[in-house]
Amino acid sequence: MYHRNIEKNLSELLATFRAVALTGARQVGKSFFLKNYCDRNDGLYFSLDDPLTRDEVRDDPYNWIKKNRKKGRIFVIDEAVKCPEIFNAIKIIVDKEDPVPTKIIIASSANYLMVRNIKESLAGRVALIKLYPLSWMELYGRQTSNISFLTAPENFLKARTSLPLKEIKRDRELYLLSGGFPEVRVNDNWDFSHRWANNYYSTYILPLALELFNVTKQYALGKTFQYMSLNTAQLLNFSDIAAFTGASSVTIKSYIHYYEAMMICFELQQFFPNHIKRLVKSPKIHILDPIFPNLSLGFQQNLMMLKNINKIGFIYESFIFSELIKINEYESRFLKFSTFKTEDGAEVDIVLEKGLQKIPIEVKYKEKITRRDLSGLKSWFEAHEEDSPYGFIIYP
């Protein structure tokens, strides 16, 4: 069993906020994590996936909570959106016990419905937290990151690891090919990983999209997912996607929004300072787990195959970006992310903002860095010398 680094942040939120909502993509391990969290913290866990529990809640949600909840103990309601009536009942309890934290956790994979119900009934009362597939740190059993060196370079030497380099490279290769979904990692079987990834779309993504968004063009929805996976870490070209899928640009934008709501991808917006006018406006798309790009490329079994078709650099960039947003979420770093590209072609893969500080990050999948690799950072510093004292290149 892997330790999930979200736990510390969740415990802190439960102690300070009146209630907490946990969301995440399907199969990232939410229910497993919450059950174990309750077991270790004397909590109570209920899932509205259970039809008998769901029917009981529908009859009288307020009294169901009142009967089953023990004040002062963690009380988890998993798949809460399957009974929307429960949100008003939680509101009554939260307001009644205000300002004392209720230690109520509501969870769901239907992130869009969860947020909508929170906005309608629990706005300002609930802290929202996200769970992602297993991070690189979680696979190694590390509970705190060294991300601080990005905003404080003097900590860089402290960030070095004692793990054998050969072992790190081997494990990283496996992660870049098969990702971090817990079921895939636990089974550790290549054929199983391929079958699991192949079935994920039809078993989890498509039914959820149909349930949440009333999608009518299933073929175009699937082709949009394929296009994003093939073009992770690249700028979105809606005309190209429309030609690839046979759907309009308006429909494609909606589909990408749906995938982002399901936490499959992240639409990284361009950094737009007021003093630079000639910037590209298209956002960059990142698929948040490497298993899907690899699936779209035929599920290659080693990185050399991905390197030969010029895809490994993009997958590696999305991997780094995904790790950064996981750390940001789990450690409450309050960092903002964007990307940067001028019409002249100068670009920086990731711009990290902490307050007024802006840190450009280039990601390269190569063993040696050349002067040419510094061109994007050079263009950035020419325009942002005052608020960007340094930058980074992340490479193997």
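Here is a short report on the structure shown in this document. Keep in mind that this is a model prediction, so the values were computed, not measured. (Residues numbered from 1 in each chain as written. Predicted model: local features only at pLDDT ≥ 70, side-chain atom pairs only at ≥ 80, totals over all residues. Heavy atoms only, no water.)

We now examine the packing of helix H12 (residues 218-230) against helix H14 (residues 249-261). Closest axis-to-axis distance for the H12/H14 pair is 10 Å, and the angle between their directions is 70 degrees. Compared by their axis directions, H12 and H14 come out roughly perpendicular. Residues Ala220, Leu221, Gly222, Thr224, Phe225 and Met228 of H12 touch H14, and the partners they reach there are Ile252, Tyr255, Ile256 and Tyr259. Among the residues forming the contact of H12 with H14, the class breakdown is eight nonpolar, two polar and no charged. (Axes fitted to C-alpha atoms, helices over the stretch in contact; angles between N-to-C directions. Helix = DSSP H or I, 4+ residues; strand = E, 2+ residues; numbered from the N terminus. Parallel < 35°, antiparallel > 145°, perpendicular 65-115°, else oblique. Contact = heavy atoms within 4.5 Å. Nonpolar A, V, L, I, M, F, W, Y, C, P; charged D, E, K, R; others polar.)

Running from amino to carboxyl end, helix H3 (residues 51-59) crosses helix H4 (residues 61-68) at an angle of 115 degrees, the nearest separation of the two axes being 5 Å. Residues Thr53, Glu56, Val57, Arg58 and Asp59 of H3 touch H4, and the partners they reach there are Pro61, Trp64 and Lys67. Here the residues of the contact of H3 with H4 are counted per class, giving three nonpolar, one polar and four charged.

What follows concerns the sheet that holds strand S11 (residues 357-363). Strand order across the open sheet formed by four strands is S9-S10-S11-S12, with mixed pairing between neighbours. The open sheet has two edge strands, strand S9 (336-341) and strand S12 (392-394), and neither has a second partner. With strand direction ignored, the average angle separating the axes of adjacent strands in the sheet is 30 degrees. In this structure, S11 lies alongside S12, joined through three bridges in parallel fashion. Paired with isoleucine 361 across the strands is phenylalanine 392, a residue of S12. (Pairing = 2+ DSSP bridges.)

In this section: the pattern of salt bridges. Scanning the model with the defined rule gives 21 salt bridges in all. Residue glutamate 56 is joined to lysine 67 by a salt bridge in which the shortest nitrogen-to-oxygen separation is 2.6 Å. Remark: lysine 67 occurs in helix H4 and glutamate 56 occurs in helix H3; sequence separation between them is eleven residues. Judged by relative accessible area, lysine 67 falls into the exposed class, the value being 54%. Aspartate 171 is the partner of arginine 170 in a salt bridge, and the nearest nitrogen-oxygen pair spans 3.7 Å. Judged by its relative accessible area of 21%, aspartate 171 falls in the partly exposed class. Within the structure, one salt-bridge network assembled from shared partners comprises Arg18, Lys91, Asp95, Asp98 and Arg125. (Salt bridge = Lys/Arg side-chain N within 4 Å of Asp/Glu carboxyl O. Buried < 20%, exposed > 50% of the residue type's maximum accessible area, 1.4 Å probe, protein only.)

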